[in-house]
Amino acid sequence: MNKILKLSALLLVFSTTAMAQADSTDADGNPVYTGKQKGFHIGMIVGAYFANQSTANLYDGYGFDFDGNRNSFENSYMYNKIVMEYGGGYGQPDKIADALGVQHGEWTFNESDMPANMRYQPAFLFGLQCRYSVDPKNAILLNVNAVQLTSNGNFTITTTPPTGSTQVNQAIKTFAIKGMEQRLIFQLAYQRILGDITKKANFFIEGGMNVTISKFYKNQIQINGLLIDLTSYYYEPGYNAYYVKKPIGTGFGAFGGLGINLNANTKFRVQFVYNPSYEGIKLTTNAHLKLQNAVGLRFYYNL
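Residues numbered from 1 in each chain as written. Predicted model: local features only at pLDDT ≥ 70, side-chain atom pairs only at ≥ 80, totals over all residues. Heavy atoms only, no water.

1. Observations concerning the confidence of the model for the protein chain
Going by this rule: On a scale of 0 to 100, pLDDT captures the predictor's confidence in every residue. Should any heavy atoms of two residues lie within 4.5 Å, those residues are counted as being in contact.
Residues of the protein chain with pLDDT of at least 70 account for 82%, and the chain-wide mean is 85. With pLDDT under 50 throughout, residues 11-23 is counted as low confidence; its partners more than four residues away or in other chains account for 24 contacts.

2. Brief notes about the pairing of strand 10 (residues 226-229)
Every regular strand shows the same layout, with side chains that alternate between the two sheet faces. How we decide: Here's how the labels work: a residue is buried when its accessible area is under 20% of the maximum for its type, exposed when over 50%, partly exposed in between, all with a 1.4 Å probe on protein chains only. A run of H or I in DSSP becomes a helix once it reaches four residues, and a run of E becomes a strand once it reaches two; helices and strands are each numbered from the N terminus. Criterion used throughout: strands pair if DSSP finds at least two bridges between them.
In strand 10, alternate side chains face the same way, and those of Leu226 and Ile228 are buried while those of Leu227 and Asp229 on the opposite face are not. With four bridges connecting them, strand 9 (residues 201-223) and strand 10 associate as antiparallel partners. Residue pairing in the sheet places Ile223 in a bridge with Leu226 of strand 10. Here strand 9 folds back onto strand 10 in antiparallel fashion, the turn holding two residues, of which Asn224 has a positive phi close to 50 degrees.

3. Some points on the pattern of salt bridges
Side chains that differ in charge, positive against negative, can pair when their charged atoms come close. Note the cut-off: Counted as salt bridges are all cases of a side-chain nitrogen of Lys or Arg within 4 Å of a carboxyl oxygen of Asp or Glu.
For the coordinates displayed, the defined rule picks out four salt bridges. Ionic pairing is found between Glu85 and Lys81, a salt bridge with its closest N-O pair at 3.2 Å. Within this pair, Glu85 and its partner Lys81 are both found in helix 2 (residues 77-85), separated by four residues, close to a single helical turn. Lys81 gets classed as buried once you look at its relative accessible area, which sits at 5%. Taking the shortest distance from any N to any O, the salt bridge between Glu206 and Arg298 comes out at 2.8 Å.

4. Examining unusual backbone geometry
Trans peptide bonds make up the majority, and among non-glycine residues the majority have a negative phi. In this structure, Asn224 is a non-glycine residue whose phi angle is positive, near 50 degrees. Structurally, the position occupied by Asn224 is in the loop between strand 9 and strand 10. The partly exposed category is assigned to Asn224, whose relative accessible area is 44%.

5. Some words on the environment of Asp196
The condition is simple: Any N or O atom pair separated by 3.5 Å or less is treated as a polar contact, with the protein-specific requirement of one donor-capable and one acceptor-capable atom, and with residues adjacent in sequence counted only for side-chain atom pairs.
Checked against the element boundaries, Asp196 lands in the loop between strand 8 (172-193) and strand 9. For Asp196, a relative accessible area of 39% translates into the label partly exposed. In the structure, Asp196 is positioned 60 residues away from Pro136 in sequence and 9.9 Å away in space, judged by C-alpha atoms. Separated by 2.8 Å, the side chains of Asp196 and Thr198 make a polar contact.

6. Observations regarding the packing of aromatic side chains
Each aromatic ring pair is summarised here by two numbers: the centre-to-centre distance and the angle between the ring planes. Just so we agree on the cut-off: For Phe, Tyr and Trp, rings pair up if their centres lie within 6.5 Å, where Trp contributes its six-membered ring, and each pair is then called stacked (planes under 30 degrees apart), edge-to-face (over 60) or tilted (otherwise). As a reminder, the over-ring test applies to NZ of lysine and CZ of arginine, requiring each to be within 6 Å of the ring centre and within 35 degrees of the ring normal.
Inspection of the entire model under this criterion finds 10 aromatic pairs. For the pair Phe268 and Phe299, a centre-to-centre distance of 5.8 Å together with 25 degrees between the ring planes defines the contact as stacked. A residue pair is termed long-range when its members are at least 10 positions apart, and Phe268 in strand 12 (residues 268-280) and Phe299 in strand 13 (residues 289-302) qualify at 31 residues. Judged by its relative accessible area of 21%, Phe268 falls in the partly exposed class. One aromatic cluster in this structure is built from Phe73, Tyr79, Phe109, Phe155 and Phe175. Lying across the ring of Tyr62, Arg70 places its NZ or CZ 4.1 Å from the centre. Over the ring of Tyr120 we find Arg183; its NZ or CZ atom is 5.5 Å from the centre of that ring.

7. Structural notes on helix 2
Given 3.6 residues to a turn, an α-helix orients residues that are three or four positions apart in the same direction. In terms of residue burial, helix 2 counts as a mostly covered element, since seven of its nine residues are buried. Every buried residue of helix 2 is accounted for by Tyr77, Met78, Asn80, Lys81, Ile82, Val83 and Met84. As for helix 2, its buried residues are in contact with helix 3 (95-100), strand 4 (107-108), strand 7 (138-159), strand 8, strand 9 and strand 10.

8. Overview of the pairing of strand 6 (residues 123-133)
The two faces of strand 6 differ: Ala123, Leu125, Gly127, Gln129, Arg131 and Ser133 on one face are buried, but Phe124, Phe126, Leu128, Cys130 and Tyr132 on the other face are not. In this sheet, strand 6 lies alongside strand 3 (residues 39-50) in antiparallel orientation, the contact comprising 11 bridges. Residue Tyr49 lies in a different strand from strand 6, and its bridge partner there is Ala123. Sheet topology note: the strand 6/strand 7 ladder contains nine bridges and is antiparallel. Note on strand 7: the bridge partner recorded for Gly127 is Asn145. In textbook terms, the turn of a hairpin is the stretch between consecutive antiparallel strands, and for strand 6 and strand 7 this stretch comprises four residues.

Next up, the structure:
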């Protein structure tokens, strides 16, 4: 978030400097900021994206079967990795016990230990912004935005306390689980500038449709110094057909927007925008329409 704020502030300072010179003055000597009012504008957006939390639990370690359905605990990626693969389930060394600093058989992992608090973190949003001004107040927008989300949570493993010990709570160890998701967002919209377009600043509104391509990117857990990749169950070049493909899907929805338009000279304009969207993230078979939110600073160059 600090990187987002610093980059946005830098662009805002640059754009404010560019707007210091008015294009002309009116009959009373007041500055007039017209800019290029018709034609194509191209630019970028830098901002923050706040994902709806309803899909954050896709990264809770259960995973999906060949048909895209959620696994049971016994078939879950975490159970198979922690208990069967790293926990000595196939007669191999118990790396979990080593990471916990206990002996084999002195720890347990069951369904009550699975993550139940997965949450997306605010993410950096960056994108290409295209704008065609039909007239000084009306424009058609075509935007392509990219976001990489991180979903964080915790899970537990219970170790066996020493005989006679009353420190049962200290035997429950908490560890981190992380998931990463990529979203590519296409937007087609109408925008209208409000008020007197000869002024330096105006409010605007916009709205249209959006298409979001979402991809399950990464899922990891860490037990002290032991990092375990849960995404090894997903198809990668070189693996056999036992592995399933990483969930990926395309969802459709609508979005709106409002903000402040700052007219520059004949080459530049800047917009600060808030965009709520209502869309489905199609990573599972039962995706529902949910509200997502984004804020950003657009910087346009007038062709």
